[in-house]
Amino acid sequence: MNQRRTVRSRLERLAREIAKFGAVGAIGFVVNFIVFNICVHGFQLAVVRSGVIATAVAIATNYVGNRYWTYRECDRSRRSRELSLFLLFSGAGLVIENGILALSHYGFGMTSSLADNIAKNVVGLGIGTVFRFWSYRTWVFRALPAREAVETAESFLATPPERAEAGK
């Protein structure tokens, strides 16, 4: 019975993580979509260049959302390592997303606005999102060890006098 509770607890935690990651990703998707279409139709930039710009802006938006909401309980002690890995894996996702756009637009000759948006914002972003979710939770936003997480939560919840005593 205890093992069932553990599995259920892990599945519930994973479901919450996926929901939060999805909410942040939905905001990133809107940013990505708007910036991409402004670059293509407003500034008349090439589609892949527009895709890279849009994805870079969405990456910045997603970092803030994931760091301070989705993975706020995770280890914050090595922020430069975290940011470096986030940019590395986000860059790989950018290549996946915009590589599919380039293949569709230049390789297959599907050059309509609809085809570009489907290639980038549906197929490319879908595959890139799965990759990003796996890499972020595995390598970037690492969970605190259980004991350290409890100590961090206890110190956060302690009243100011208790915090002073805990530091002695």
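Not measured: the values here are computed from a predicted model.

Thoughts on the UniProt feature "transmembrane region" (unreviewed entry) in the chain
And then number 1: Those places that UniProt annotates as "transmembrane region" (unreviewed entry) correspond, in this numbering, to residues 21-40, 46-64, 85-106 and 118-135.
And then number 2: Along residues 46-64 one finds 95% helix and 0% strand; the C-alpha atoms at either end are 28 Å apart.
And then number 3: As annotated, residues 85-106 comprises 100% helix and 0% strand, and the C-alpha atoms at either end are separated by 30 Å.

Quick word on the nonpolar core
Where a protein is soluble and globular, its nonpolar side chains tend to be buried together.
And then number 1: One finds Phe 21, Tyr 71, Phe 86, Phe 89, Tyr 136, Val 140 and Phe 141 to be the most contacted residues of the largest nonpolar core, which totals 13 residues.
And then number 2: Of all elements in the fold, only helix 2 (47-70), helix 3 (79-107) and helix 4 (113-140) reach the threshold of two or more residues within this core.
And then number 3: At four residues, helix 3 tops the list of elements feeding residues into this core.
And then number 4: Two domains each provide a minimum of three residues to this core, namely domain 1 (1-73) and domain 2 (79-157).

Rules and cut-offs
Residues numbered from 1 in each chain as written. Predicted model: local features only at pLDDT ≥ 70, side-chain atom pairs only at ≥ 80, totals over all residues. Heavy atoms only, no water. UniProt positions renumbered as here; feature names shortened; annotations may be inferred. Helix = DSSP H or I, 4+ residues; strand = E, 2+ residues; numbered from the N terminus. Core = buried A, V, L, I, M, F, W, Y, C linked by side-chain atoms within 4.5 Å. Buried < 20%, exposed > 50% of the residue type's maximum accessible area, 1.4 Å probe, protein only. Domains from an automatic or database assignment.

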